[in-house]
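Here's the letter readout for the chains.
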Amino acid sequence: MEAYYQPSNKFSPLAFVYFIVACVTAIPLLALIYSYAIWYIPFPYINFFITLGFGFGIGWVVQKLAIDLGKVRNNKTAYLLGFIGALIGLYLSWAVWVDLVINAGETYGTDRIGVSVSNIKLFQVFELAAQPGLLFELMGQVMDVGVWGIRSTTVSGWFLGLIWVIEALIVVIVGAIVPPTKSGDPFCELNQKWFKEKQLPAFSHLDNQMMAIPPLENNNFDALKELTLAPNPATENHSLFTLYANETNENYLTIKNRTASVNDKGETKFKDEDVVTHLRINEEFSNFLESI
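What comes next concerns the included structure. These figures come from a predicted structure and were not determined experimentally. (Residues numbered from 1 in each chain as written. Predicted model: local features only at pLDDT ≥ 70, side-chain atom pairs only at ≥ 80, totals over all residues. Heavy atoms only, no water.)

Some words on the nonpolar core
Right, on to step 1. Among the nonpolar cores identified, the biggest contains 40 residues, and V62 and L135 are the most heavily contacted of them.
Right, on to step 2. Looking at this core element by element, the count peaks at twelve residues for helix α4 (residues 75-102).
Right, on to step 3. In this structure, M210, F221, F241 and V276 belong to the second largest nonpolar core, which totals 19 residues. (Core = buried A, V, L, I, M, F, W, Y, C linked by side-chain atoms within 4.5 Å. Buried < 20%, exposed > 50% of the residue type's maximum accessible area, 1.4 Å probe, protein only. Helix = DSSP H or I, 4+ residues; strand = E, 2+ residues; numbered from the N terminus.)

See the structure below:
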């Protein structure tokens, strides 16, 4: 019997149906919100985090619909669906943004910062999305002249193109890496259900003996039986235990050790160390953890 959970690499054909549903409902809505956000928020630093959020949102939608409901236990398939979903979301956001450029009106603000009032015309967006050649031609024209600037300098040409490339990479990479975080979770092939995931309260920080892998892989958890609840997990070192269980009394465990540090601003930051991921454990130890 394997010491760790291994995905079966199977998936339900319904995963592709759920993926199509995501691509015609939630992902276009995210693209619309994202395009309006970066149009009306003229702060590049904030827009960076908005772009991260857009990529994460696409990945989350693909994960919840295609991967979770579609019972995808194949990481390559999960990556692929996330990648395609991100490309679709990015393309639709370009169509919305270009239409905002076309319909731009009055500009309000100061010499240093301002926004142009604009709203899309829905059928015009559909036309742009249906004609990639026209869409990219218009984007090329926008790149030549630019529509926004930093202080008194208009961003255009190769520099604007580079920003678009970075934006695309962020959305696609983040969108692709989120779905596999679910496809690798324990899944019961017998009853065709994901294991129930339970995050336990924070425990005390693990020492080297507690983190020794060979005993854990052999179901020797004596060292871990010294665990106690962490008194102040928000500011002090601690460990996180995640249990996975199902009706067949099969159990898996993921452990992270978290080390706290304080930065120059006085904020507590944590460095996570993976101890084990989806380790098979016996029911006795599972019950012990839940009883602490």
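So much for the structure itself; the text now carries on.
A short note on the environment of L128
Right, on to step 1. Tracing the sequence through the fold places L128 in helix α5 (residues 122-130).
Right, on to step 2. If we skip the residues at most four places from it in the chain, L128 touches Y91, A95, V98, D99, I102, L134, L135 and L138. (Contact = heavy atoms within 4.5 Å.)

Some points on the packing of α4 against helix α7 (residues 157-177)
Right, on to step 1. Following both chains from N to C, one finds α4 and α7 inclined at 145°, their axes separated by 7 Å at the closest point. Seen along the crossing, α4 lies across α7 with a hand that is right-handed. Along its contact with α4, which presents A78, Y79, G82, F83, A86, L87, L90, W94 and W97, the element α7 presents W164, E167, A168, V171, V172, G175, A176 and I177.
Right, on to step 2. Here the residues of the contact of α4 with α7 are counted per class, giving 14 nonpolar, two polar and one charged. (Axes fitted to C-alpha atoms, helices over the stretch in contact; angles between N-to-C directions. Left-handed = near helix turned anticlockwise from the far one by under 90°. Nonpolar A, V, L, I, M, F, W, Y, C, P; charged D, E, K, R; others polar.)

Observations concerning the side chain of Q63
Right, on to step 1. You can see Q63 is positioned in helix α3 (residues 44-69).
Right, on to step 2. Using a relative accessible area of 11% as the deciding quantity, one classes Q63 as buried.
Right, on to step 3. A distance of 3.2 Å separates the side chain of Q63 from the backbone oxygen of V178, its partner in a polar contact.
Right, on to step 4. When neighbours within four sequence positions are excluded, Q63 is seen to be in contact with D68, V178, P179, T181 and K182. (Polar contact = N/O pair within 3.5 Å; in protein donor to acceptor, adjacent residues only side chain to side chain.)

Description of the sheet that holds strand β9 (residues 251-262)
Right, on to step 1. If you walk across this open sheet you meet the four strands as β7-β8-β9-β10, and the pairing is antiparallel. Because the sheet does not close on itself, it has two edges, and the strands there are β7 (196-199) and β10 (268-281). Each strand axis lies, on average, 15° off the axis of its neighbour in the sheet, ignoring direction.
Right, on to step 2. Two elements, strand β8 (residues 238-245) and β9, share eight bridges in a ladder whose sense is antiparallel. Pairing of A245 across the sheet is with N251, part of β9. (Pairing = 2+ DSSP bridges.)

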